[in-house]
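The primary structure of each chain is shown beneath.
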Amino acid sequence: SDPSIWHLSLAYFSECGVRGRAHVRGLLESQPIPSIRVANKLMNLCRKYKIPQDLMTIIINRMGFRAMKQGRLGEAIMWFARSEEEELLLRLATRSAVQMLRRREAGDEGLYNSPISIAMPSDEKSPVGS
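Scoring rules and cut-offs
Residues numbered from 1 in each chain as written. Predicted model: local features only at pLDDT ≥ 70, side-chain atom pairs only at ≥ 80, totals over all residues. Heavy atoms only, no water. Helix = DSSP H or I, 4+ residues; strand = E, 2+ residues; numbered from the N terminus. Buried < 20%, exposed > 50% of the residue type's maximum accessible area, 1.4 Å probe, protein only. Core = buried A, V, L, I, M, F, W, Y, C linked by side-chain atoms within 4.5 Å. Contact = heavy atoms within 4.5 Å.

*Asks:* Please give an account of the environment of Leu-42 that cites residues and values.
*Replies:* Take Leu-42: it is sitting in helix H3 (residues 36-48). By relative accessible area, which is 0% here, Leu-42 ends up buried. Counting along the chain gives 10 residues from Leu-42 to Pro-32, while the straight-line C-alpha distance between them is 10.0 Å.

Structure, rendered in structure tokens:
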């Protein structure tokens, strides 16, 4: 679908009372989130259309769990810090510290001598990503 029509429908439904706003929420919640850029756009749309904070928390946690699953612990920590998920953040920081100590004990000094990079998946075609 055409991104401009998609954004127009968000604007229209946001003016249609409680049911329209629920529809906006459903549209935003169902979007694929292939990248950090798309996640940020979705969160901006949540703010723009005054969608409750819990949807932004869902988006943030989805990104955090994806980063954690892909082994990008620094990125996962960043996401969970944004969602204020203290328990998850503490567990992840502990896990990350243990991994770093194990690498250091194994003689992997490259971890400390190279810049940290965060791999970002490429954007796929999505009404939000355009």
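*Asks:* Quick one: what's the story with the nonpolar core, residue by residue and with numbers?
*Replies:* Leu-10, Leu-28, Cys-46, Ile-51, Ile-59 and Trp-79 are the most contacted members of the largest nonpolar core, which has 21 residues in total. Counting residues per element, the ones that place at least two in this core are helix H1 (3-14), helix H2 (17-29), H3 and helix H4 (53-69). Take this core: its biggest share by element is seven residues, from H3. With residues up to four places along the chain from it excluded, the contact list for Ile-59 reads Ile-33, Ala-39, Leu-42, Met-43 and Cys-46. Of all hydrophobic cores here, the second largest spans six residues; its members include Ala-76, Phe-80, Leu-88 and Leu-92.

*Asks:* For the side chain of Arg-25, give the residues involved together with the corresponding values.
*Replies:* Summarising the element assignment, Arg-25 is placed in helix H2. When sequence neighbours within four positions are dropped, the list of residues in contact with Arg-25 reads Ile-51, Pro-52, Asp-54, Leu-55 and Ile-58.

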